[in-house]
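Coordinates in review
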Amino acid sequence: MVNMKNFTSVFLILFVITCNSKAQEVTLNYGLSVGYSKTTPNSSISTSSVYLYETTNDYNHYNVMAILEFATPSDIRIQTGLKYFKVGYSRDIHPNPDIRYFAFAPPPKRDGANYSYLAIPLNINYFLPFVSGVYLSGGIESVHLVSGNSFTESHDGQIYESNTKGDYRNQFFMYTVGIGFEYQLDVVTLFIEPEYSHSIWDATDNSFTWSSIIGEQISLYVGIRY
């Protein structure tokens, strides 16, 4: 697995290359963005012949990112920062008509999971010279698991939660591609950026876990840089 030391080394190498490519000074920009993401699990959530499950409902979540950008007079900029986001799913459960249930063991009403992550992105933005304000973005994110839990809801409304953080990798990587548009307004730059991201490998860390929550994401970011 690539660790944080290697990840930092890659960033420094790219930064040095960018600095050496231009004799002029690199400008340091700061920013903040909020996004809305739709996440799809990597594989099917585990099922059972005892109950009947409806199609999994993926949770859509907001996320927030602090931005640090290294800009040169060229058309290429390097962007990093810190992003917080959540993913999860839920599904309704129904009795199997072919099975007889005892009064003390009815099927649950609903189950699901929620996971929180911190990500360190490293993106290269290339501004198209023939279209003002439009840029292409691509890079990699080092994703770190903050918390994870699964839940089951019974028909009487009680919810039972279980800590499942240990079933998933504490760190993995996702690649990202996107396209953005920015607009200069005095000293502040406004931008909007749709982005697609996908995990490079399975996020699970347990051979007995039949699901992988992090699969692919489609996100829309809106923010400012200054």
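The paragraphs below set out a description of the structure included in this document. The structure displayed is predicted, hence computed values, not measured ones. (Residues numbered from 1 in each chain as written. Predicted model: local features only at pLDDT ≥ 70, side-chain atom pairs only at ≥ 80, totals over all residues. Heavy atoms only, no water.)

So, the overall build of the protein
Applicable threshold: Only DSSP runs of H or I covering at least 4 residues are called helices, and only runs of E covering at least 2 are called strands; the numbering of each starts at the N terminus. Note on classification: 1.4 Å probe, protein chains only; a residue is buried when its accessible area is under 20% of the maximum for its type, exposed when over 50%, partly exposed between these limits. Two residues qualify as a contact provided that any one of their heavy atoms is within 4.5 Å of a heavy atom in the partner residue. Only the protein chains shown count as cover for residues, with accessible areas throughout obtained via the Shrake-Rupley method and a probe of 1.4 Å.
Looking only at helices and strands, the protein has 1 helix and 11 strands in total. Reading the secondary structure of the protein in the N-to-C direction produces α-β-β-β-β-β-β-β-β-β-β-β. Counting over 226 residues, the protein shows a buried share of 39%. Restricting to contacts in the protein with at least 6 residues of sequence separation, those with at least 24 account for 72%. When the accessible surface of the protein is summed, it comes to about 12,500 Å², and 60% of that surface belongs to carbon and sulfur atoms.

Looking at the environment of F173
Within the fold, F173 resides in strand β9 (residues 171-185). By relative accessible area, F173 is classed as buried at 3%. Spatially, the C-alpha atom of F173 lies 5.7 Å from that of V143, the residues being 30 residues apart in sequence.

Let's talk about empty space enclosed by the protein
Which entries qualify depends on this criterion: Grid spacing is 1 Å over the protein atoms alone, the probe is 1.4 Å, and a cavity is where that probe fits but cannot get out, while a pocket is an open set with protein on both sides within 12 Å along at least five of seven lines and lining residues have an atom within 4 Å of a point. Grid points are joined across faces, edges and corners, and a volume is the space filled by probe spheres set on the points.
Following the criterion strictly, the structure yields 1 cavity of 30 Å³ or more and no others. As for the largest cavity, its lining consists of M65, Q79, K83, P121, N123, E141, F191, E193, E195 and Y221. Those elements giving two or more residues to the lining of the largest cavity turn out to be β5 (76-95), β6 (110-127) and β10 (188-199). If one sorts the elements of the lining of the largest cavity by residue count, β10 sits on top with 3 residues.

Quick word on the packing of aromatic side chains
Filter applied, for reference: Two rings from Phe, Tyr or Trp (for Trp, the six-membered ring) form a pair when their centres are within 6.5 Å of each other. A pair whose planes differ by under 30 degrees is stacked, one over 60 is edge-to-face, and the rest are tilted. Throughout this description, the term charge over a ring refers to an Arg CZ or Lys NZ atom that lies within 6 Å of the ring centre and within 35 degrees of the ring normal.
As enumerated under the stated definition, the model contains 5 aromatic pairs in all. Centre to centre, the rings of F85 and Y117 are 5.3 Å apart; their planes meet at 20°, and the pair counts as stacked. One end of the pair, F85, is in strand β5; the other, Y117, is in strand β6, and 32 residues separate them in sequence. Of the two residues, F85 and Y117, neither departs from the other in class, the shared state being buried. Here K83 stacks its cationic end above the ring of F85, 5.3 Å away from the centre of that ring.

Structural notes on the side chain of S154
Applied cut-off: The term polar contact refers here to a pair of N or O atoms within 3.5 Å; inside protein, the definition further demands a hydrogen-donor-capable atom paired with an acceptor-capable atom, and it admits residues adjacent in sequence only when both atoms are side-chain atoms.
With respect to the secondary-structure elements, S154 resides in the loop between β7 (134-153) and β8 (159-163). Given the relative accessible area of 17%, S154 is considered buried. Here D156 takes part through its side chain, which lies 2.2 Å from a polar atom of the side chain of S154. Residues contacting S154, with those up to four places away along its chain left out, are K109 and Y160.

Comments concerning the pairing of β7
The criterion, for reference: Strands are treated as partners if at least two bridges between them are detected by DSSP.
In this structure, β6 lies alongside β7, joined through 18 bridges in antiparallel fashion. Across the sheet, the residue bridging to N123 is G139, located in β7. Counting the residues between successive antiparallel strands, the hairpin from β6 to β7 contains 6 residues, one of them, G133, with a positive phi of roughly 85°. Bridge analysis of β7 against β9 gives 11 bridges, and the strand direction is antiparallel. In the strand pairing of β9, E141 is matched with M174. Bridge count for β7 against β8 is 5 bridges, and the pairing is antiparallel. In the sheet register, N149 faces β8, and the bridge partner there is N163.

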